[in-house]
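The lines below spell out each chain.
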Protein chains: 2
Amino acid sequence: MKKEKYVYFFAKDQTDGSAEDKELLGGKGANLAEMTSIGLPVPPGFTITTRACQQFYEAGKKWPATLEAEMDESIKELEKVTGKTFGYGENPLLLSVRSGAVVSMPGMMDTVLNLGLNEKTLESLIAKTNNPRLGWDAYRRLIQMFGDVVMNVPHQKFEDALDRLKAKAGVEFDTDLTVEDLQELVKEYLAIYKEGTNEDFPTDAKEQLVKSIDAVFNSWNNPRAEKYREINDIKGLIGTAVNVQTMVFGNMGDTSGTGVCFTRDPSTGEKEFYGEFLMNAQGEDIVAGIRTPEPIIGLSKILPVQYKELLEAERKLEYHYKDMQDLEFTIEEEKLYILQTRSGKRTATAAVKMAIDMYAEELIDKETAVMRVSPADLDQLLHPMFDPEAEKEAKVVGRGLPASPGGASGKVVFDADTAERWAADGKTVILCRIETSPEDIGGMHRAKGILTTCGGMTSHAAVVARGMGKCCVAGAGDIIIDYSKKELKGSGVTLKEGDWISLNGTSGTVYSGKIDMIEPEMSSDFGELMKLADEFRRLGVRANSDTPHDTAVAIDFGAEGIGLTRTEHMFFEGDRIVSFRKLIFVADTVKTLRQEIEDSIDEEEIALLEKQLEQPLKQYEEALSELLPLQRQDFEGIFEELKGMPCTIRLLDPPLHEFLPQDERGQKEMADVMGVEVSLIKEKVSLLHEMNPMLGHRGCRLGLTYPEISAMQVRAIMEAAVNVKKKGIEVSPEIMIPLVGHVEELRIARAQAEEVIEEVFKDNNIEKGSIPYQIGTLLEVPRAAVTADLIANEADFFSFGTNDLTQMGCGFSRDDAGKFLEDYVRMDIYEKDPFQVLDQDGVGRLVEIACELGRKTKKDIALGICGEHGGEPSSVEFCHKVGLDYVSCSPFRIPIARLAAAQAAIKNK
Amino acid sequence: MKKEKYVYFFAKDQTDGSAEDKELLGGKGANLAEMTSIGLPVPPGFTITTRACQQFYEAGKKWPATLEAEMDESIKELEKVTGKTFGYGENPLLLSVRSGAVVSMPGMMDTVLNLGLNEKTLESLIAKTNNPRLGWDAYRRLIQMFGDVVMNVPHQKFEDALDRLKAKAGVEFDTDLTVEDLQELVKEYLAIYKEGTNEDFPTDAKEQLVKSIDAVFNSWNNPRAEKYREINDIKGLIGTAVNVQTMVFGNMGDTSGTGVCFTRDPSTGEKEFYGEFLMNAQGEDIVAGIRTPEPIIGLSKILPVQYKELLEAERKLEYHYKDMQDLEFTIEEEKLYILQTRSGKRTATAAVKMAIDMYAEELIDKETAVMRVSPADLDQLLHPMFDPEAEKEAKVVGRGLPASPGGASGKVVFDADTAERWAADGKTVILCRIETSPEDIGGMHRAKGILTTCGGMTSHAAVVARGMGKCCVAGAGDIIIDYSKKELKGSGVTLKEGDWISLNGTSGTVYSGKIDMIEPEMSSDFGELMKLADEFRRLGVRANSDTPHDTAVAIDFGAEGIGLTRTEHMFFEGDRIVSFRKLIFVADTVKTLRQEIEDSIDEEEIALLEKQLEQPLKQYEEALSELLPLQRQDFEGIFEELKGMPCTIRLLDPPLHEFLPQDERGQKEMADVMGVEVSLIKEKVSLLHEMNPMLGHRGCRLGLTYPEISAMQVRAIMEAAVNVKKKGIEVSPEIMIPLVGHVEELRIARAQAEEVIEEVFKDNNIEKGSIPYQIGTLLEVPRAAVTADLIANEADFFSFGTNDLTQMGCGFSRDDAGKFLEDYVRMDIYEKDPFQVLDQDGVGRLVEIACELGRKTKKDIALGICGEHGGEPSSVEFCHKVGLDYVSCSPFRIPIARLAAAQAAIKNK
């Protein structure tokens, strides 16, 4: 067996690794190797591999057998290329040690500098540089860093000693301390070190180095690093690499300096060299913010030659890496060193602009441009967001579901009426409710954002807010709202009506107070990017929309049709709810009496029952005929916007009790409007109550037991189609039957719908073929997935309702899963909340099975998805892979879906 | 194309059909042909096929084109073999017309006799028989039957005329009427006929025949017949056959007679010729019950030769059909005719005895014996049943689910305390509750039967009742119980406390009043049958049992182990609920604090949290240690009964809120016992409330979030195993993790369990192999079914929980499905309630997928079913077909499952 190599050396003309070795050398190490290879001035050094770290843990925190020998070899090599010696001699070699995993990870040990210093080498350093201040400062820093990060001596003790000394010397900045001051400080630091460790500070350079490397290995699994990985969802890494590099000093005097810069502006994306520098300073001084750095252009005046070298280096780097670079440099006595480079973090605006610019510059190709922007980041361009810096400072009150993206600050109000009133007075308000109901629509419209403490990603609040493109945090269960006291409480904070609150609907976080905003802007580059994306994607992108307005918004965002119109939302508006409640009130009576008539063989009884049926039947038909024109009008508006693009309309889905008032006051109102005793309303509410409404009398079950409701809806759809068609506008309605589990359900529902359609055509003298329509199903019941071959016989299309398919497939109630799903993600049972990110292994398997079976029966059956997952990038990629025809999502997620679809096509070519 | 044959002729030496042609000729027709073929004296005739009836409907109630010609041909043939002429002449041919579908169907038209009579043929008949009374009686019967059943003249009008005449003549019986009386009656009948039809009674014989055949065809789809098919679940038949047969007269004088008999006793199964007869009578006279028939043995004295012939015929028939026959005969002037034979209906007791006897007699083989008894009928042998005659008379109050079989009458009581008190006083009571809860156990024990108006087949009441083998009707939603008034109402009947009520738990029907009972008896034949069955079945049969007592009962019934022990039922008994509630009360606090400690990196905060944790943790551990010995003791009892047979134990499954009192009083009690404010209890109850508890925090989700509860249960199981093993009794525990949807859930739960098991072994110095155990999962989540290949990696067995798999697979809540499932069955969407009979096409497909995937990973993975379907015959057959290893059901269904499993093996050889 070939011996494993743990140490990769880098120096001019003798570099072991390259950018390809990121897995093994970490991001930082791979880039150091790569930069060295392409001839940039990098201080030489070596990288210990991530495999070494992994084996360190596997062996119970012991180094792999051959690591030390390899390290010693590399140090010898370093001594050779630098002409210096490590831990002794007149020209001492000083080293830095840094951790560096595959992805950057703030929680780990960062840096120990100046390793190799001791009393002897310090003398040599001072003699060689003729700069005692530099030497003593370097030494005190080594003791402090080594003590703190390697030996766990409390950081504060060193800081206190420094502060005491500064006070005594009467100076403000470290840089004002004299050599003598620093000598005294070193003495004190050595004492602190001994007190904290019961050991003397190690004078042996190799011991310093070995312990520092140990500390990096150990920091891989410290709680902060684990926490960081958990929060940032970093999984599957084996360990960290360790970078050991020759020290260079930016603080050797006026011809030395250090800086951080970007090859393009990371916030706007403009192509201009951007960054800042400090003369006579170390890198950490920039971060510490004690002195204010200058814009990078200033360097061109102080050290024009080095500035030109730097410009050449940044151009070379960007050209080499084909991406905007974030680089660190140090100039040591007029000699430029590049210490680090990486792809720079950027705002979404900058990401889009850079992708389009670099494509125009022919630096990258079309595919790379499309891949360069993270779809999820587009939210920043579509919604107002908090200023990230301001958000970091804000006090968290609680967390809920990221129900509708964007940020919003406003004054707390607890009811819709107040929201409307205050908004009319020019106040900015956030509507905070336990949950919302149709009566709250007005207030929701006027509020800047919506917070609920109950309900999931598809609760009323969430769905309505997304449709409006309005920020919403839903189901923030750790916040308690008390309507009677007009206050909300969370994390020890109490907010009263009128207090400021801020919601981040992208992350689901709730803050107290007001947070500065960044308003969205949609540049022409954005349009360009979408156009490029559309060249690659195979998946169609449709929108979930219930109104003409939302449909128009969706089309603006590039929707190619509507994948889901929820007809029940139309019942919630204004007076419609009255008609619909009237209908609910008699529907069951009508059904029961009809059944009794059907079952009876006694003529007299039949006559009696028919008599009893008259009154409720009249009310039933009245309510239906009140609703018909309203629904028809809704559909007309949507069809007119769509101009012939397809429109999938779901027939009534939620259980009837969702439409009845659950509270005393509402029940009283309903009784008054209907002219009946309130006790009758209560009785109906309790009759319709369900133990598990999710698995209750809803979806197509309603249409089958109350066929007149479906018939009214189908009639409204088709009459609207006929009317719009008569205006010369094409229409393409698709009727979707929800919650089908058994092919017979769809067969009956389809037959009933077709009967109505034929009637409408006949009444309007329309030939059957001239208005094309489809009838299909919302595939959301596991039974339907595994019998999709049968169901396909009756379906023109399947649209996967992955919300409900997740609920039934996994056996989670969206409303209740909060109690354990958080633990589940924590325990790695599910990688992500399956309501936010499609559970590809499980729910996805059901989708795959259904696609396969469906196509077996009907080769060209149309397949789509209209669950919340339709706008989530990894889920969109899954949809691409299983060969769906389209995804459908809320209007404001359309651009995300378009980009994700394009990236999926590119990745899976 | 060959012309289709619609008419099958039968007469000595020229019979077209046979018993094989049942589909085409109906049961009766096929048997007439068969009997004729084997040389029995059957009056000749012909059968019109079921296909003719089907085509009659398809053609809009028109005869197939060639039918009439074929019929005419057959009449000619009949005239030839009988030497008589139809509708004219001196020796007139009289015919009967009877319907006859594949299965006997009381709703259809029955019989028209004496077709061919008119004034002329009547004269000939009288002349030939020299029996004017017979002639006029035959004629008046023809007019009445034809008028009533063919022409729809109200039956009552003829009856009234007859009554008037009898009153006028001063006689009691029809047979006392003189010829002159009958002549007057005929005149009146003809007038009634004309009044009712506006037509004269048809004198043309062929017209009489054609109209009668039409009437049979039409009766196939009359409401009564449709209703009968619906109730008896008769599906897929194409139509009825029509049997046209030469009349014979049992009322031709003292050497004539008629009778009905069985080749063996249909109620006991004894091998003795059994039946009754009437001299000088027609078959209908026996049915009418005006004269009392004599036991068949009497015939041997009156007509010994004919009796001997009859004996030979019945022996021949039984031998020929290899089954007990129910036959009708008529003797016309010393000439014996066999009119009909069919396999006789029998009680379950008789069915078992006959099967065993016939096998012993070598009349049938072993397989036939096993196939001869319907598994569902075994309930009659295991539970007290209502006398079917008495039940028919009883007043129905409502219907619910057949939750636990058998019949029971008792006095209505509305609470468990009263049930116990009254039972102690020697009263027989039925406990009637909206739903039952653990507190009711005592009362349930003392009641004869249990009625609930809410809850499904697996509600508390249903499960507990089945375990006790006690009759239960659950979820009778149309009955309203009012606790405050102490009354229940249904179908217009009000029953007060103390009134008699009767429950049929086999059908789910509730009656008012007391109904006579038939007590069950388990004969040695029953044991024999079970033994025969066991020779054939491949499926193992286990029981669902939660107590040592139920386990003993199950083993008596032949259980080969326990397939499901629900550990939570143990928590409901007596004081245990107190400990368990204590546990629930602090579990969440403990969990939350622990999590906060884990998440914190601040030493001080950690210390503070640890301090806060102390008290609840103490209570938590106290509660666990109170429960441990109780659970251990339960398991010891069960293991001791099982003597090494396997025992699958499900860890805690229901959501915690099910254990908390939902009512004010109970909450107050709990607060008192725990020494806390009642408001705290209420807060906990509301905190644990779930929107969809079915899809909530239950099953393995509990064990994963509260691992100590699982650990306690696993410890109790394994310590019990160790203790029992120490007594020298073998044990074979199988730990079942419920509600697994993701392999990671099982992996973690398994690892946790194995850790505890190792501890127990270590503590008891037991070597790992010496107590074999298995860990597997209750496969009941659709996601688990489609990822069973992954789950099998962590499972020693899958036990299909088809109750929940149906709920989640179909998206039905058991508790709510009542609202639409009845309609669904009515609409033929599902053939049967999928909670009672496994939905093989859908839920069954999930089971098949899981079996296939599971075996792909682990060839020998053990597969069973422990849902309610495990004791339902058609579902058992499905389990056999997909190759499960065993079924598990409630103890009293074990014999049913054994027989069903044997029949499945025989059918699917």
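The structure under discussion appears in the preceding block.
Okay, so let's go over this structure. (Residues numbered from 1 in each chain as written. Chains lettered and ligands numbered in written order. Predicted model: local features only at pLDDT ≥ 70, side-chain atom pairs only at ≥ 80, totals over all residues. Heavy atoms only, no water.)

Quick notes on the environment of B:G498
Inclusion rule: Segments assigned H or I by DSSP are reported as helices when at least four residues long, segments assigned E as strands when at least two residues long, and all are numbered from the N terminus.
Along the chain, B:G498 falls in the loop between β20 (493-496) and β21 (500-504). Separated by 177 residues in the primary sequence, B:G498 and B:Y321 have C-alpha atoms spaced 52 Å apart.

Side note on the relation of the copies chain B and chain A
Selection rule: Least-squares fitting of one copy onto the other uses the C-alpha atoms of those residues that reach a pLDDT of at least 70 in both copies. Note on contacts: a residue pair qualifies if any of its non-hydrogen atoms lie within 4.5 Å across the two residues.
Laying chain B over chain A is done by rotating through 179 degrees and shifting 0.0 Å along the axis; what remains is an RMSD of 0.3 Å. With respect to symmetry, the two chain copies, as superposed, fit the operation of a two-fold axis. The share of interface residues of chain B whose copies in chain A are also at the interface is 100%, consistent with both copies meeting through the same surface.

Remarks on the sheet that holds strand β9 (residues 325-332) of chain A
All names here are of chain A. Applied cut-off: Between any two strands, pairing holds if DSSP finds at least two bridges.
The 5 strands lie next to each other as β8-β7-β6-β9-β10, forming an open sheet whose pairing is antiparallel. Two strands lie at the open edges of the sheet, namely β8 (294-295) and β10 (335-343), each paired on one side alone. Examined bridge by bridge, strand β6 (residues 257-262) and strand β7 (residues 274-279) share 6 bridges and lie antiparallel to one another. Counted as the bridge partner of T258 is L278 from β7.

Focus: the pairing of strand β7 (residues 274-279) of chain B
Strand direction decides the pairing type here: β7(B) and strand β8 (residues 294-295) of chain B, joined by 2 bridges, are antiparallel. By the bridge assignment, B:E276 is partnered in β8(B) with B:P295.

Considering the packing of helix α21 (residues 548-556) of chain B against helix α24 (residues 603-642) of chain B
Residues and elements named next belong to chain B. Inclusion rule: Axes here refer to lines fitted to C-alpha atoms; in helices the fit is confined to the stretch in contact. Angles between the N-to-C directions go from 0 to 180 degrees. Geometric relationships in this document are graded by angle, where less than 35 degrees denotes roughly parallel, more than 145 denotes roughly antiparallel, 65 to 115 denotes roughly perpendicular, and other angles denote oblique. Handedness of a crossing is defined here by the sense of rotation of the near helix relative to the far one, left-handed for an anticlockwise turn of less than a right angle and right-handed for a clockwise turn. Classification convention: Asp, Glu, Lys, Arg as charged; Ala, Val, Leu, Ile, Met, Phe, Trp, Tyr, Cys, Pro as nonpolar; all other residues, Gly among them, as polar.
In the contact formed by α21 and α24, the axes pass within 8 Å of each other and the chain directions differ by 15 degrees. Relative to α24, the element α21 is oriented roughly parallel. α21 and α24 meet at a crossing whose hand is right-handed. Only D634, G637, I638, E641 and L642 of α24 make contact with α21, whose side of the interface consists of P548, T551, A552 and I555. Considered class by class, the residues forming the contact of α21 with α24 number 5 nonpolar, 2 polar and 2 charged.

Let's talk about the state of the cysteines
Note the cut-off: Cysteine sulfur atoms that come within 2.5 Å of each other are treated as a disulfide pair.
Under the criterion given, the structure shown has 0 disulfides over all chains. As a non-bridged cysteine, A:C879 has A:C851 as the owner of its nearest cysteine sulfur, 8.7 Å distant.

Concerning unusual backbone geometry
Excluding glycine, most residues fall at negative phi; most peptide bonds, likewise, are trans. All names here are of chain B. Just so we agree on the cut-off: Buried means the residue's accessible area, taken with a 1.4 Å probe over protein chains only, is under 20% of the maximum for its type, while exposed means over 50%, and partly exposed covers the values in between.
One non-glycine residue, N280, lies in positive phi territory at about 45 degrees. Under the relative-accessibility criterion, N280 is labelled partly exposed at 30%. One non-glycine residue, E334, adopts positive backbone phi at about 70 degrees. With respect to the helices and strands, E334 occurs in the loop between β9 (325-332) and β10 (335-343). Judged by its relative accessible area of 43%, E334 falls in the partly exposed class.

Remarks on the interface of chain B and chain A
Applicable threshold: Here the quantity called buried area is the total loss of accessible area, with a 1.4 Å probe, experienced by two parts when brought into contact, counted for both. Counted as salt bridges are all cases of a side-chain nitrogen of Lys or Arg within 4 Å of a carboxyl oxygen of Asp or Glu. Any N or O atom pair separated by 3.5 Å or less is treated as a polar contact, with the protein-specific requirement of one donor-capable and one acceptor-capable atom, and with residues adjacent in sequence counted only for side-chain atom pairs.
In this complex, chain B contributes 60 residues to the contact, which on the side of chain A involves 60 residues. Together, the buried faces of chain B and chain A total about 5,200 Å²; carbon and sulfur atoms form 54% of this surface. When the buried surface of chain B facing chain A is broken down by residue, B:L695, B:R783 and B:K819 rank first, second and third, together holding 13% of it. Here chain B is connected to chain A by 7 salt bridges. Of the charged contacts, one joins B:R845 and A:D789 as a salt bridge, the two residues approaching to 2.9 Å between their closest N and O atoms. Counting the contacts that link chain B with chain A gives 32 residue pairs in polar contact (both at pLDDT 80 or more). Of the residues assigned to the side of chain B that touches chain A, the class counts are 27 nonpolar, 13 polar and 20 charged.

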